[in-house]
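Results of the structural survey
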Amino acid sequence: MSTATQRLHRYLEDELDDCRPEDVEKRIDELDTLEAVLSTERIESDLNVLSALANETRYKLVRLLVAADGELCVCELNAMVETSESAISHALSELTDAGLVTRRKDGRWRKYRASNAAVSILTLLDGVITDE
């Protein structure tokens with residue numbers, strides 16, 4: 001029996017007062033199912049989103065796009081965020097790659113919109129900050 005399994009057995013004995021080997025196996029199976037949230041793809045995707053939001057300019061852009069509740073052009077964003085248009089374009093590209101922003105071409109302009117994921121994340125953050 002591995003050290004982790006032994007510790008789990010001791011834990012279950014404390015919790016159940018009577019722990020059988022089947023109880024340990026059942027809990028290991030449950031934990032294996034839970035461990036699926038730690039897939040490499042899931043972690044990389046989550047970290048990509050969090051990294052995209054960990055920059056002040058990118059975070060401001062997402063905030064603005066969520067508040068706009070519609071599309072904005074780079075020139076409109078540039079009027080509100082004090083940084084160069086190329087820096088804004090680069091930030092928007094990273095946000096698009098992270099799935100936080102969608103873009104579409106409209107003639108010679110690119111229009112950006114917050115994704116549902118961005119709206120959900122900022123709604124959650126607003127709730128956390130409000131709840132304190």
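Use the structure listed above.
Here's a quick rundown of the structure.

What counts, and at which threshold
Residues numbered from 1 in each chain as written. Predicted model: local features only at pLDDT ≥ 70, side-chain atom pairs only at ≥ 80, totals over all residues. Heavy atoms only, no water. Helix = DSSP H or I, 4+ residues; strand = E, 2+ residues; numbered from the N terminus. Rg over C-alpha atoms; globule rule 2.2 N^0.38 Å. Buried < 20%, exposed > 50% of the residue type's maximum accessible area, 1.4 Å probe, protein only. Contact = heavy atoms within 4.5 Å. Areas by Shrake-Rupley, 256 points an atom, 1.4 Å probe, with all protein chains shown as cover. Lys, Arg positive; Asp, Glu negative; His and termini not counted. Charge placed at Lys NZ, Arg CZ, Asp CG, Glu CD. Core = buried A, V, L, I, M, F, W, Y, C linked by side-chain atoms within 4.5 Å. Patch = residues over 30% accessible without salt bridge, like charges linked within 9 Å, V, L, I, M, F, W, Y side chains within 5 Å. Salt bridge = Lys/Arg side-chain N within 4 Å of Asp/Glu carboxyl O. Pairing = 2+ DSSP bridges. Axes fitted to C-alpha atoms, helices over the stretch in contact; angles between N-to-C directions.

**Here's the deal with the overall build of the protein chain**
- Along its length, the protein chain carries seven helices and three strands.
- Taken from N to C terminus, the helices and strands of the protein chain fall in the order α-α-α-α-β-α-α-β-β-α.
- Expected size for 132 residues packed as a compact globule is a radius of gyration near 14 Å; at 23 Å, the protein chain overshoots this value by more than 25%.
- Projected onto its principal axes, the C-alpha coordinates of the protein chain cover approximately 70 × 30 × 20 Å.
- Residues classed as buried in the protein chain amount to 25% of the 132 residues present.
- A fraction of 45% describes how many contacts in the protein chain between residues 6 or more apart in sequence connect residues 24 or more apart.
- For the protein chain, the exposed surface amounts to about 9200 Å²; the carbon and sulfur share of it is 50%.
- Separation between the mean location of the 16 positive side-chain charges and that of the 27 negative ones in the protein chain comes to 11 Å.

**Here we look at the nonpolar core**
- In terms of nonpolar packing, the biggest core is built from 21 residues, with Leu-61, Leu-65, Leu-92, Leu-95 and Leu-100 touching the most fellow members.
- At the level of elements, helix H3 (40–53), helix H4 (56–68), helix H5 (74–80), helix H6 (85–97), strand E3 (109–114) and helix H7 (116–131) are the ones that each hand at least two residues to this core.
- Discounting residues that sit within four places of it in the chain, Leu-95 has contacts with Ala-52, Arg-58, Leu-61, Val-62, Leu-100 and Val-101.

**Re a nonpolar patch on the surface**
- Together, Val-37, Leu-38, Ile-43, Leu-47 and Leu-50 line one region of the surface with nonpolar side chains, adding up to about 470 Å² of accessible area.
- Among the structural elements, Leu-47 can be located in helix H3.
- Of the residues examined, Leu-47 reaches a relative accessible area of 47% and is grouped as partly exposed.

**Section: the side chain of Ser-115**
- Tracing the sequence through the fold places Ser-115 in the loop between E3 and H7.
- On the accessibility criterion, Ser-115 (10% relative accessible area) is buried.
- Once you skip the residues sitting within four places of it in the chain, Ser-115 turns out to touch Gly-99, Leu-100, Val-101 and Thr-102.

**Overview of the sheet that holds strand E2 (residues 101–106)**
- Strand order in the open sheet formed by three strands is E1-E3-E2, with antiparallel pairing between adjacent strands. Edge positions in the sheet fall to strand E1 (72–73) and E2, since each has one partner strand and no second.
- Along the sheet face, H6 touches E2 and E3 and points at about 120° away from the line of E2.

Everything listed here is a matter of geometry and, on its own, says nothing about what the molecule does.
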